[in-house]
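Okay, here's what each chain looks like letter by letter:
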Amino acid sequence: MENRRAIPEINILSYVCVDSTNRILMDLAANGSPVGTVVCARRQYQGRGRLGRSFCSPEGGIYTSFLLPMPEYRSEPGFCLTAMASVAVKRTIIQVCRKKCGIKWVNDVIYNDRKVCGILAQAVGDKVVMGIGVNYTTPMSEFPEELQEIAVSLYEDAKGVPPMEDFVRMLANNLYELCYNPDENWLDEYKGSSTILGNKVQIIQAGEVTGTGTAVSIDDLCRLHVVDENGEETVLSTGEVSVRKSND
Ligand code: BTN
């Protein structure tokens, strides 16, 4: 018989404008807030991104952080968990918006070849704050020039779109369900959604290109395997590394 684990009670705290929902939830967690606490905001003025970057967070986006238990199966906080979160986002976008997205390793959600969602996991004690930022109805004019070619919103304007609250609630359900009762499809779905498998990629560490090759596979630990022109394989398994498609 199936042994499903109960998901925690979900408690969503909504704000208009904050520095960073991750920062707020990390403080709440440090002060004893339980798993299931969710912080969301309509704007952030110090949104945190991966690799120490900032995350542009104007009105029109959905900025949410979820308090999750630290996974037992891997010591690096939230590595596979962020892949899982990207699947939860992809599923939510299909369910709520009826739009299909891909996933660029490790956890960028891609719509129409551009980034529509970024995910940042931060450890706090024995828990993980999973921060998810979705460009929902953000006007393109709100993005700085360097993001104009890279970012996209799910909708061009806010008329008649599904309420953000519905999106956050569905995302919370999908994420906690996946976290507590991972279905057998999620990893295949993750691998099958990859926008880079089979493509030439550059490996980037600390802002420098440290290698190039073909992205050949993603394994069951969500590691990306890249093979260079000499047949040498590199296995990428850290959130400190990113890849981008290369044209050469
Ligand atoms: C990235 O792509 O670099 C990750 C971006 C993560 C952004 C989200 S928005 C909600 C949460 N709060 C933050 O300060 N960051 C995450």
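Residues numbered from 1 in each chain as written. Predicted model: local features only at pLDDT ≥ 70, side-chain atom pairs only at ≥ 80, totals over all residues. Heavy atoms only, no water.

### As for the sheet that holds strand 1 (residues 11-18)
Let me state the cut-off plainly: Following DSSP output, two strands are said to pair if at least two bridges run between them. Runs of H or I in DSSP of at least four residues are treated as helices and runs of E of at least two as strands, each being numbered from the N terminus. Angles run from 0 to 180 degrees between N-to-C directions of axes, and those axes are lines fitted to C-alpha atoms, restricted for helices to the stretch in contact.
The seven strands lie next to each other as 1-2-3-7-6-5-4, forming an open sheet whose pairing is mixed. Of all strands in the sheet, those bounded by a partner on one side alone are strand 1 and strand 4 (102-104). Across the sheet, the axes of successive neighbouring strands diverge by a mean angle of 20 degrees, strand direction being ignored. Direction of pairing for strand 1 relative to strand 2 (residues 37-44): parallel, over a ladder of seven bridges. By the bridge assignment for strand 2, Val-18 is matched with Gln-44.

### Here's the deal with the sheet that holds strand 10 (residues 224-227)
Where strands meet in a sheet, backbone hydrogen bonds hold them as pairs that are either parallel or antiparallel. Here we have five strands laid out as an open sheet, ordered 11-10-9-8-12, and antiparallel in their pairing. One side of each edge strand has no neighbouring strand; the edge strands of this open sheet are strand 11 (233-236) and strand 12 (241-245). In this sheet, adjacent strand axes meet at a mean angle of 45 degrees when their direction is disregarded. In terms of strand pairing, strand 8 (residues 200-205) meets strand 12 through five bridges, oriented antiparallel. Across the sheet, the residue bridging to Gln-205 is Val-241, located in strand 12.

### Structural notes on unusual backbone geometry
Spelled out, the test is: Only protein chains enter the area calculation, which uses a 1.4 Å probe; residues under 20% of their type maximum are buried, those over 50% are exposed, and those in between are partly exposed.
Omega for the bond connecting Trp-105 with Val-106 falls within 30 degrees of zero, at 0 degrees, which places this linkage in the cis form. Relative to the elements of secondary structure, Val-106 occurs in the loop between strand 4 and strand 5 (108-111). With phi around 55 degrees, Leu-51 is a residue other than glycine that occupies positive phi space. Position of Leu-51 among the secondary structure elements: in the loop between strand 2 and strand 3 (61-69). Using a relative accessible area of 35% as the deciding quantity, one classes Leu-51 as partly exposed. The phi torsion at Cys-222 lies on the positive side, around 65 degrees, for a residue other than glycine. You can see Cys-222 is positioned in the loop between strand 9 (208-218) and strand 10. Given a relative accessible area of 0%, Cys-222 falls into the buried group.

### Some words on the nonpolar core
Which entries qualify depends on this criterion: Buried Ala, Val, Leu, Ile, Met, Phe, Trp, Tyr and Cys residues that are joined via side-chain atoms within 4.5 Å together make up what is termed a nonpolar core. In this entry, domain limits derive from an automatic or database-based domain assignment.
Counting residues in hydrophobic clusters, the biggest one holds 59 residues, and the most contacted among them are Phe-66, Met-130, Ile-132, Tyr-136 and Tyr-190. When residues in this core are grouped by element, the largest group, eleven residues, is from helix 2 (residues 79-97). Mapped onto the domain boundaries, this core takes at least three residues apiece from domain 1 (11-192) and domain 2 (200-243). Listed in part, the ten residues of the second largest apolar core include Leu-25, Met-26, Val-39 and Leu-67.

### Quick word on the domain arrangement of the protein
Convention followed: In what follows, a contact means two residues having at least one pair of non-hydrogen atoms within 4.5 Å. Two parts lose some accessible area (1.4 Å probe) when they are put together, and adding that loss for both gives the buried area. In protein, a polar contact means a hydrogen-donor-capable atom and an acceptor-capable atom, both N or O and within 3.5 Å, with residues adjacent in sequence counting only if both atoms are side-chain atoms; elsewhere, any N or O pair within 3.5 Å suffices. By the convention adopted, Pro, Cys, Tyr, Trp, Phe, Met, Ile, Leu, Val and Ala count as nonpolar, Lys, Arg, Asp and Glu as charged, and the other residues, Gly among them, as polar.
Partitioning the protein into domains gives domain 1 (11-192) and domain 2 (200-243). A straight line from the C-alpha centre of domain 1 to that of domain 2 covers 24 Å. The partner domain 2 presents 15 residues to the 13 residues of domain 1 that form the contact. Buried surface at the junction of domain 1 and domain 2, both sides included, amounts to about 1300 Å², of which 60% is carbon and sulfur. Here domain 1 and domain 2 share two residue pairs in polar contact (both at pLDDT 80 or more) between them. Contributing elements (two or more residues each) for the side of domain 1 that touches domain 2: helix 2 and helix 4 (186-192). Broken down by element, the residue count for the side of domain 1 that touches domain 2 peaks at four residues, all from helix 4. Considering only residue class, the side of domain 1 that touches domain 2 consists of eight nonpolar, no polar and five charged.

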